Amino acid sequence: EECSTLFYAHTFWIGLAGTSMETLEQGAPFAQLRAGAIENWEASLGSAVSAGDADPRFELPTGKDGSTLFTMGSFPSEARQNLAGIWNEDCHYGGFEHLGLSILQTE
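Description of the structure in this document. (Residues numbered from 1 in each chain as written. Predicted model: local features only at pLDDT ≥ 70, side-chain atom pairs only at ≥ 80, totals over all residues. Heavy atoms only, no water.)

1. Concerning helix H1 (residues 21-31)
Each full turn of the α-helix corresponds to 3.6 residues, which orients residues three or four apart in the same direction.
Okay, so step 1: Along H1, the residues that are buried comprise Met21, Leu24 and Ala28. The arc enclosing the buried residues of H1, seen along the axis, measures out at 45 degrees, which places them on a common side. Of the exposed residues in H1, those oriented more than 90 degrees away from the buried face are Glu22, Gln26 and Phe30.
Okay, so step 2: Of the surrounding elements, those touching the buried residues of H1 are strand S1 (13-18), strand S2 (89-93) and strand S3 (96-102). (Buried < 20%, exposed > 50% of the residue type's maximum accessible area, 1.4 Å probe, protein only. Helix = DSSP H or I, 4+ residues; strand = E, 2+ residues; numbered from the N terminus. Arc of directions from axis to C-beta. Contact = heavy atoms within 4.5 Å.)

2. Let's talk about the nonpolar core
Grouped burial of nonpolar side chains is what soluble globular proteins tend to show.
Okay, so step 1: Formed by Met21, Leu24, Ala28, Ile38, Phe75, Ala79, Leu83, Trp87, Leu99, Leu101 and Ile103, the largest nonpolar core amounts to 11 residues.
Okay, so step 2: When contributions to this core are tallied by element, the ones reaching two or more residues are H1, helix H3 (77-83) and S3.
Okay, so step 3: Discounting chain neighbours no more than four positions away, the residues touching Leu83 are Ile14, Leu33, Ile38, Phe75, Leu101 and Ile103. (Core = buried A, V, L, I, M, F, W, Y, C linked by side-chain atoms within 4.5 Å.)

3. Brief notes about the pairing of S3
Okay, so step 1: Within S3, five of the seven residues are buried, leaving the element largely enclosed by the surrounding structure.
Okay, so step 2: One ladder, built from six bridges, connects S1 with S3; its direction is antiparallel. Counterpart to Ala17 in the pairing with S3 is His98.
Okay, so step 3: One ladder, built from five bridges, connects S2 with S3; its direction is antiparallel. Within S3, the residue paired with Glu89 across the bridge is Gly100.
Okay, so step 4: Counting the residues in the hairpin turn of S2 and S3 gives two residues, including Gly94, whose phi is positive at 60 degrees. (Pairing = 2+ DSSP bridges.)

Structure below.
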């Protein structure tokens, strides 16, 4: 059994948090993911898994038996589009302003 099946938390929202929405709005464009970066990351992980010679920046963690702890396939196309989208979902929670996006915007 793969270790990743034992973890029940999944990232569904990414963004920034801070005390000033104005500051978050100024910083968001610099933090947003680009479609090309997502594709390159997926390709690097895929080649690392198949070839066994990962770019050190994308090295996959392994268990004591050498198996991969987390298996990452490709993102569904809708999630890929959402990840490369504009960070425009804002809310106030826990005393902080939040600005980001959900990769689960629709079912």
